[in-house]
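Structural features, examined
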Amino acid sequence: MDTRFCFVVSPIGEQDSPERKHADNFLALIKEIGELHNLDVKRADEIVGTSDINADVIDKIQNADLCIIDLTGLNPNVMYEFGMRYQTGLPYIVCAKHKTDLPFDTISRRTIFYGDLNYASECR
């Protein structure tokens, strides 16, 4: 079976910040799920290359086999990137931490709400 590419769109935050810890736990969970489904899972900070990072991110958003989008925190970059992915018509999954108050334009999209991810860091 061929490996497919899954791009994770999420807030990342500064190193050691609560936002980064949450993003890393979310990514770890998605990577575990990805292994079960033969997905190569990457986030923007894992893209290696010499070209412009923004161009690389846009390329991944527009061409990945699947995007998983975490709306937790309603980060403006994530919302923008979600809009870009939505425009492609390609598959995506929207997730958000439980009790995230989604904006009007995104509330109609099916969203997987999840609880605390602190356990994910204990599993690594």
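Quick summary incoming for the structure in this document.

What counts, and at which threshold
Residues numbered from 1 in each chain as written. Predicted model: local features only at pLDDT ≥ 70, side-chain atom pairs only at ≥ 80, totals over all residues. Heavy atoms only, no water. Salt bridge = Lys/Arg side-chain N within 4 Å of Asp/Glu carboxyl O. Helix = DSSP H or I, 4+ residues; strand = E, 2+ residues; numbered from the N terminus. Buried < 20%, exposed > 50% of the residue type's maximum accessible area, 1.4 Å probe, protein only. Arc of directions from axis to C-beta. Contact = heavy atoms within 4.5 Å. Polar contact = N/O pair within 3.5 Å; in protein donor to acceptor, adjacent residues only side chain to side chain. Pairing = 2+ DSSP bridges. Axes fitted to C-alpha atoms, helices over the stretch in contact; angles between N-to-C directions.

1. So, the pattern of salt bridges
- Enumeration according to the criterion identifies five salt bridges in this entry.
- Of the charged contacts, one joins R43 and D24 as a salt bridge, the two residues approaching to 2.7 Å between their closest N and O atoms. With a gap of 19 residues between them, R43 in strand β2 (residues 39-43) and D24 in helix α1 (residues 18-36) connect regions that are remote in the sequence.
- Salt-bridge contacts for R43 lead to D45; the nearest nitrogen and oxygen are separated by 2.7 Å.
- The structure contains a network of salt bridges with shared partners spanning D24, R43 and D45.

2. Topic: helix α2 (residues 53-63)
- Looking at α2, one finds that the buried residues are D56, V57 and I61. When α2 is viewed along its axis, its buried side chains cluster within an angular range of 135 degrees and face the same direction.
- Considering only its buried residues, α2 is in contact with β1 (4-9), β3 (66-70) and α3 (76-88).
- Where α2 begins, the capping side chain belongs to D52, and its oxygen is found 3.1 Å from the backbone nitrogen of N54.

3. Examining the sheet that holds β3
- Judged by pairing direction, the sheet is parallel, and its five strands sit side by side in the order β2-β1-β3-β4-β5 without closing on themselves. Only two strands of the sheet have a single neighbouring strand rather than two, namely β2 and β5 (111-114). Each neighbouring strand pair of the sheet contributes to a mean axis angle of 25 degrees, computed without reference to strand direction.
- Against the sheet, α2 makes contact with β1 and β3, and its axis sits at roughly 120 degrees relative to β1, the strand it touches most.
- With respect to the sheet, α3 is in contact with β1, β3 and β4 (92-97), its orientation differing from that of β3 by roughly 150 degrees.

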